[in-house]
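Residue-level structure breakdown
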Amino acid sequence: MRPLFLKEWIKLRGRLAAIVLGCATFHVYFAMVLRRKFTLEHAEMVFYQVGRIGQNTIADFEYVPLVIGALLAFMQFAPEVARGHLRLSLHLPIATNRLILFHVAAGTAVLAVLFALNAAALAVIVGAWFPVEFVTSALSAAAPWMVAGIAAYFGGVAAMLEPHAIRRVAWLVVTAAVGALCHLSARPGAYHDAISGLVVLALLFVPAVPWVARRFRGGDGTIPGVGRPVAIVLFVTVCALMAPIATSTLFDAQREETQIFFSPVSRTFVFREHLHDHEFRHATREGQELDRRTFQTLLPFIYNRDMEVWGLLPVTIGGRAFDRRALTAERMIFELKPRDLADRRVDIAVHPLLESEPGQARLQFPEDIFRFSADRIEFLNVDTLAVDEETTRIFTDALKELGFAFPPRLVEGRATILKPFDDGYLVVDANGVVFHVKRAQGRPRIVRTPIPADLAIRSIQIVENAQRRFMGLLLTRDGRLFLIGREDYRLLPMPTQGYDPDTMDYRLIMNPVAPTAAWSNSAGARAAALTPDLTPFDFYARAAPERRRGWGELVVRAFIPFEIRLEARGGDRLEWLFAAGPGSAWALSLCLAAIIAAADRRRTSRREYFLEIGLTMAAGVFGLIAARLTGPARPNRRV
Amino acid sequence: MSQDREAVRDRPIVVEDLCYAYGGKVVHDRLSFSVEPGRIVGLLGKNGVGKTTLIKLLMGFLAPVSGTCRVLGEASHALSAPTKRRIGLVFEGHLAYEFLTIEETERFLAPWYPRWRKAVFRDFMDRLGLPPGHRIGDMSEGQRSQVVLAAVLAQDPDLLILDDYTMGLDAGYRRLFLDHLVHHARAGSKTVFVTSHVVQDMERLVDDVILLRRGGSPYLGPLNEFMGSFRRFRLMAPDADLRAGGLLHNVEREADGTWSIYAFHPADVVGTTLQNAGIDPARLSEVPLSLEDAFVGYTGSY
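All figures in this text were calculated on a predicted structure; none of them were measured in a lab. (Residues numbered from 1 in each chain as written. Chains lettered and ligands numbered in written order. Predicted model: local features only at pLDDT ≥ 70, side-chain atom pairs only at ≥ 80, totals over all residues. Heavy atoms only, no water.)

Time to look at the overall build of chain B. Along its length, chain B carries 11 helices and 14 strands. In terms of its C-alpha atoms, chain B occupies a principal-axis envelope of roughly 70 × 50 × 40 Å. Taken over 302 residues, chain B has a buried fraction of 55%. Across chain B, every contact between residues at least 6 apart in sequence was considered, and the portion connecting residues at least 24 apart equals 67%. In the form shown here, chain B has an accessible surface area of approximately 13,100 Å², with 48% of it arising from carbon and sulfur atoms. (Helix = DSSP H or I, 4+ residues; strand = E, 2+ residues; numbered from the N terminus. Buried < 20%, exposed > 50% of the residue type's maximum accessible area, 1.4 Å probe, protein only. Contact = heavy atoms within 4.5 Å. Areas by Shrake-Rupley, 256 points an atom, 1.4 Å probe, with all protein chains shown as cover.)

Below, the structure written as structure tokens:
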């Protein structure tokens, strides 16, 4: 193998130097951009933008690994193919698989070194301005992009070694599809649950590459080994991934979720549902159709601005007159969306603890941030990143005095200055006890709340509303939802029948007459009408209207046996979703396979025929496509 | 299986009932031949008759649709590493790793071949007069051909397959290449299978020829037998209506109106054939034949 290493080294060294130089130039630019950011803005504001809003510090790096992977594949294998070196190499006295795997291993090693150097450079640059949590977050954001780089390398190699033009295009499409999956979200941590699947997809190229190379040398005859089965899995998977994208691009219109409200005016449920295009239906639970204006006048706590314009205010509800100011002041909305849930969010575990008694109208970000370690709460200066030992000691002691068990399970708060006041953080300690942590006049103000420690809290949504009646919402792991009393931390159970926190938005629309709790997703909506003391007294559930489908869509969908999606269901974190298609897909695909085999009788061997049928039975039309794209491409006499 | 058949199977190159087709076009249909050890065999044929396809099949870059193509006892498209070690390939255009220098080429290749003949490689390079650090990519086509030949001969292969070694070479380098090839092949009793567009070179090189022609069976046999039996005649009979067939392998009307007749028979047999066809053979004369003439005569001008 040493001679091959020598050859690859001599071939690539100059080109690698160019890539390294390019990367170095990028990192100098990146460091300058970051430095400029800290020059133009206060460090605490940059921390807020990156840590809370989710700005990606290394966004400019997004396509660098992809370019490196594609370039490396091109630099390493374009001369082999275009200048015929591969024919020389394939005649070396070594098994083809070993030869190609060595080349790929050499390329992978180079890629690993380049990615490691880039990751190290990113870590050093980000670490110069941010604490280690931000470095980890930045590297986690870069991880899927590096997987894209790996896929670009392997896929690029397969495309270059592929002897047939159409299949070369197929390899490029597969590579582009896998690469695109790695760039669905630039949010750090978005791929936390999905990256292992992407790595598996990228690694599926590895055994496929020597298989393609063996076809390059020996034609399309049957080649034993795992190469073709793996290529088939890859093609089927990519078909299943591309099918929903293609169908949604071709046929899907944006659908809005159904909204249900309880009208304090008519004392009945009213709803708004999206029919198609720009057409909506407004109606009451009893089936009375409403025009949009009437619908809005039934919900004065929500649409009071329009009602004022129409001259319909003040309005009398339950014997009490409300003008616009009163309607606005009495309305309070608590919302909990899947993306708000602690285990679906992508947080950087570093937070600002605002001064809750600022002595001025506006809130301000402090010049320090805090994080929890195994045994203390640690405050860091945002400019120097040095630990403020004094503040750290004071807050740690205050927590310990109240029996806080480090490290915490959950730290929940709203790190923004765009709110009427600051209510600090609710922190669930290692034992499940909930502590309310605030900073008042620079000192800790900490309350050990009476919230039960065995509640198994999944997420807390703090809502600093001017009414200051409730702190926010608390969701438990078993799906119970509570409103948290602000003064006494009393938990008020909310209706949750049919509520799926992972897919549904939950809205609690508070008003003094008839509060409504409503939860919905694309499948439908539910709502509960509540008394002023938040006791449910009426419920209404409504499925989303069936979407009209044209003939074209019906025909296309009839052929799709299953779909694989990588998407964030209302959160930051992407997850793999699998959906089975109609049973007709297999039957139709089998018919299609039989027709193609009959039409292509002279080109299809009996073995290939049975393989196509088998794959079609297993994976529908995707299996048929994979069989055709990996089978013999030249005349193959029927044996 | 008969002993003869067994002996044929042991030959360095054995092609049996080979069929190959691109798309719907059949290039080789049941082609069979074999090459005896130690022989130098030239594959000749006009453009498009399947020379390159056959060479690619022998080199293992195509697999037969049916039939067999065995090289040193193994299917050519699935050679084991030890067998590849015994086969030297010279690709069209003197393919080489042009990013390597002369010295690096030897450092890269030598470890693969236990029988690497350092002296042969060095001798070639000394004659070339280029420093060891000279990049192959910076060489002329002729210089590169010498490096390629040196590298292949230094491997000390039992079988050499050369695909159009003349491409890009001027007369001087062609002669040099040929001289070295013949010298080493004869000295080492190597089996050589070669194609070239420069037919006259073959005369000095090959023992046997395979003449491929479109739509007809190929000629396989020793070159001297071919040259000894294949004849060209000139017939001064502008008005005659001559057609190939029977004893006349090929007939072609020349630019001056005379006929060139090619046949594997002496003048009297050809004369009688013409007479039987009602053509006066009085003005029939035999013309000396070069290999190129014989090639054109055998395969046809067009």
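There is more to say, and it comes next.
To continue, consider the interface of chain B and chain A. Contacts between chain B and chain A engage 35 residues on the former and 28 residues on the latter. Roughly 3,000 Å² is buried in total at the junction of chain B and chain A, and carbon and sulfur atoms are behind 64% of that figure. In terms of surface lost to chain A, no three residues of chain B exceed F61(B), K84(B) and W112(B), which account for 24% of the buried area on that side. Where chain B touches chain A, the interface holds one salt bridge. Across the salt bridge formed by R13(A) and E104(B), the nearest N and O atoms sit 3.8 Å from each other. Remark: the boundary between chain B and chain A carries eight residue pairs in polar contact (both at pLDDT 80 or more). Sort the elements by how many residues they give to the side of chain B that touches chain A and helix α4 (residues 102-109) of chain B lands first, with four residues. Looking at the side of chain B that touches chain A residue by residue, the class counts come to 24 nonpolar, six polar and five charged. (Buried area = accessible area lost by both parts, 1.4 Å probe. Salt bridge = Lys/Arg side-chain N within 4 Å of Asp/Glu carboxyl O. Polar contact = N/O pair within 3.5 Å; in protein donor to acceptor, adjacent residues only side chain to side chain. Nonpolar A, V, L, I, M, F, W, Y, C, P; charged D, E, K, R; others polar.)

Residue and element names in this part refer to chain A. The geometry of helix α5 (residues 96-129) relative to helix α6 (residues 132-161) is characterised by a closest axis approach of 10 Å and an angle of 155 degrees between their N-to-C directions. Between α5 and α6, the crossing angle belongs to the class labelled roughly antiparallel. Handedness of the α5/α6 crossing: right-handed. On the side of α5, the interface is formed by I100, H103, V104, G107, T108, L111, F115, A119, L122, A123, V126 and G127, while α6 contributes F134, V135, A138, L139, A142, M146, G149, I150, Y153, F154 and L161. Among the residues forming the contact of α5 with α6, the class breakdown is 18 nonpolar, five polar and no charged. (Axes fitted to C-alpha atoms, helices over the stretch in contact; angles between N-to-C directions. Parallel < 35°, antiparallel > 145°, perpendicular 65-115°, else oblique. Left-handed = near helix turned anticlockwise from the far one by under 90°.)

Attention now goes to the packing of aromatic side chains. Residue and element names in this part refer to chain A. By the definition in use, this model includes 51 aromatic pairs over all chains. Both rings, one in F404 and one in F406, keep their centres 4.8 Å apart while their planes meet at 65 degrees; by these two values the pair is edge-to-face. Across this residue pair, the class does not change: F404 and F406 are buried. A ring pair is formed by F562 and F578, whose centres lie 5.5 Å apart and whose planes are at 25 degrees; its orientation type is stacked. A residue pair is termed long-range when its members are at least 10 positions apart, and F562 in strand β22 (residues 562-567) and F578 in strand β23 (residues 575-580) qualify at 16 residues. (Phe/Tyr/Trp six-rings, centres within 6.5 Å; stacked < 30°, edge-to-face > 60°.)

What follows is about the environment of E104(B). Relative to the helices and strands, E104(B) resides in helix α4. The spacing of E104(B) and L274(B) is 170 residues in sequence and 64 Å in space, taken between C-alpha atoms.

So, on to helix α8 (residues 195-203) of chain A. If you check which residues of α8(A) are buried, you get L198(A), L201(A) and A202(A). Looking down the long axis of α8(A), one finds its buried residues gathered within 95 degrees of arc, a one-sided arrangement. (Arc of directions from axis to C-beta.)

Bringing the layout of surface pockets into the picture now. Residue and element names in this part refer to chain A. Here the largest pocket is characterised by a volume of approximately 1,400 Å³. Lining the largest pocket we find 36 residues, and of these D252, R255, S522, R565 and E567 sit closest to its centre. The set of elements that each furnish at least two residues to the lining of the largest pocket consists of β2 (269-276), β22 and β23. It is β23 that provides the largest number of residues to the lining of the largest pocket, a total of four residues. Looking at the lining of the largest pocket residue by residue, the classes come out as 11 nonpolar, nine polar and 16 charged. (1 Å grid on protein atoms, 1.4 Å probe; cavity = no way out; pocket = protein on both sides within 12 Å on 5 of 7 lines; lining within 4 Å. Points joined across faces, edges and corners; volume = space filled by probe spheres on them.)

Summarising burial for α4(B): six of the eight residues are buried, a large majority. Of the residues making up α4(B), those classed as buried are I102(B), E104(B), T105(B), E106(B), F108(B) and L109(B). On the buried face of α4(B), the contacting elements are α1 (2-40) of chain A together with α5 (118-128) and α6 (141-154) of chain B.

All names here are of chain A. On the surface, Y63, V67 and L71 cluster together to form a nonpolar patch covering roughly 260 Å² of accessible area. Secondary-structure assignment places V67 in helix α3 (residues 64-82). In this structure V67 comes out as partly exposed when scored by relative accessible area, which is 45%. (Patch = residues over 30% accessible without salt bridge, like charges linked within 9 Å, V, L, I, M, F, W, Y side chains within 5 Å.)

Residue and element names in this part refer to chain A. Taken in spatial order, the four strands make up an open sheet running β10-β11-β12-β13, and their pairing is antiparallel. Across the chains shown, the open sheet's two edge strands, defined by having one partner strand only, are β10 (410-413) and β13 (443-448). This sheet shows a mean twist of 25 degrees between the axes of neighbouring strands, independent of strand direction. Two strands pair when backbone bridges link them, and β10 and strand β11 (residues 425-428) are joined in this way by four bridges, in the antiparallel orientation. Bridge pairing links V411 to V427 in β11. Against the sheet, helix α14 (residues 389-401) engages β12 (434-440) and β13, with an angle of about 20 degrees to β13. (Pairing = 2+ DSSP bridges.)

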